[in-house]
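Read off the chains here:
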Amino acid sequence: MTLLEAVAFPVLFIWFVGLLLTLFRRDLESHWKFFFFLVFCFYLVQFFPEFWEGVARWKENPKAEVLIWISALGNSIYVFLFFLWPLVLIRIYYSASNNLSKTLIPALAYGTVLYWALFFLWTIYSKEFNGWLHQIFTNK
């Protein structure tokens, strides 16, 4: 199973919840709400086969699917940081405000280091961690 197949269902589900919440905001103009809805529909159509496979796996074995999500979302954060860092560095350079640099740089730096530490621990102790997760999800 590819990373996209593993994360399509949870990401689109979270996106749907976020879309519903933004549709109920009163201060957003209706054309923005419509645009958000169109973007969601585009990605839903684009990744519908992967989404539907995720729904089928969820119906078959929800506990195993949650374990797949935990692993896949952790790996997708790794890929996301790879794309985010260069964009943030360019954004910081062109920023007219020092407030952005004072808040964004430490948050991204500390967040990345924390993620790397957790990812490093997970790679060392993956058998124990996976065993612990299986014990939690299968015994209850």
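Residues numbered from 1 in each chain as written. Predicted model: local features only at pLDDT ≥ 70, side-chain atom pairs only at ≥ 80, totals over all residues. Heavy atoms only, no water.

Here's the deal with the overall build of the chain
To be explicit about the condition: Helix and strand labels come from DSSP, where a helix needs a run of H or I of at least four residues and a strand needs a run of E of at least two; each type is numbered from the N terminus. Classification of residues uses two cut-offs on accessible area relative to the type maximum, computed with a 1.4 Å probe and protein chains only: under 20% is buried, over 50% is exposed, and between them is partly exposed. Here, residues are in contact when the closest pair of their heavy atoms is within 4.5 Å. Surface accessibility follows the Shrake-Rupley procedure with a 1.4 Å probe radius. Residue values consider only the protein chains on display as shielding. The charge count treats Lys and Arg as positive and Asp and Glu as negative. His and the chain ends do not count. Taken as the charge location is NZ of Lys, CZ of Arg, CG of Asp or CD of Glu.
When helices and strands are tallied, the chain shows six helices and zero strands. Counting helices and strands in the order they occur from the N terminus, the chain gives α-α-α-α-α-α. Seen along its three principal axes, the alpha-carbon backbone of the chain occupies a region of about 50 × 40 × 25 Å. For the chain, the proportion of its 140 residues judged to be buried stands at 19%. Across the chain, contacts joining residues at least 24 apart in sequence account for 71% of those joining residues at least 6 apart. Counting every atom, the chain has about 10,600 Å² of accessible surface; 73% of that belongs to carbon and sulfur. Charge-centre separation for the chain: the mean point of 10 positive side chains lies 11 Å from the mean point of 8 negative side chains.

Focus: the nonpolar core
For the record, the criterion: Within this scheme, the nonpolar core is defined by two criteria: the residues are buried Ala, Val, Leu, Ile, Met, Phe, Trp, Tyr or Cys, and they are joined through side-chain atoms within 4.5 Å.
If you look at the biggest cluster of nonpolar residues, it comprises eight residues: Phe9, Leu12, Leu19, Phe40, Phe51, Val55, Val66 and Trp69. Ignoring anything within four residues of it in the chain, the contact list for Val66 reads Trp58 and Phe137. Listed in part, the five residues of the second largest apolar core include Leu81, Val88, Leu108 and Tyr115.

Description of the packing of aromatic side chains
In plain terms, the rule: For Phe, Tyr and Trp, where Trp contributes only its six-membered ring, two rings pair if their centres lie within 6.5 Å, and the inter-plane angle classes them as stacked under 30 degrees, edge-to-face over 60, or tilted in between.
Applying the stated rule across the entire model yields 19 aromatic pairs. Between the aromatic rings of Trp58 and Trp69, the centroid separation amounts to 5.2 Å while the plane-to-plane angle is 5°, which identifies the pairing as stacked. Here Trp69 lies in helix α4 (residues 62-94) and Trp58 lies in helix α3 (residues 48-60), a separation of 11 residues in the sequence. With a centroid separation of 4.9 Å and an interplanar angle of 85°, the aromatic rings of Tyr93 and Tyr94 are classed as edge-to-face. The exposure class of Tyr93 is exposed, given its relative accessible area of 64%.

What about the domain arrangement of the chain?
For clarity, the cut-off: Throughout, the edges of the domains are those of an automatic or database domain assignment. Two parts lose some accessible area (1.4 Å probe) when they are put together, and adding that loss for both gives the buried area.
Domain boundaries assigned for the chain yield domain 1 (1-60) and domain 2 (62-139). The centre of domain 1, based on its C-alpha atoms, is set 21 Å off from the matching centre of domain 2. Opposite the 12 residues of domain 1 that make contact, domain 2 presents 10 residues. Interface of domain 1 and domain 2: buried area, both sides summed, is about 850 Å²; carbon and sulfur atoms make up 82% of it. When the area that domain 1 buries against domain 2 is broken down by residue, the three leading residues are Leu3, Pro10 and Trp58, summing to 52%.

Brief notes about the pattern of salt bridges
What counts is decided by this rule: The salt bridge definition used is simple: a Lys or Arg side-chain nitrogen within 4 Å of an Asp or Glu carboxyl oxygen.
Throughout the structure, instances matching the rule amount to two salt bridges. Among the ionic pairs, Asp27 bridges to Arg25, the shortest N-O distance being 2.4 Å. Relative accessible area serves as the criterion here: at 55%, Asp27 is assigned to the exposed category. Between Arg57 and Glu65 there is a salt bridge whose closest N-O contact spans 2.9 Å. A relative accessible area of 1% places Glu65 in the buried class.

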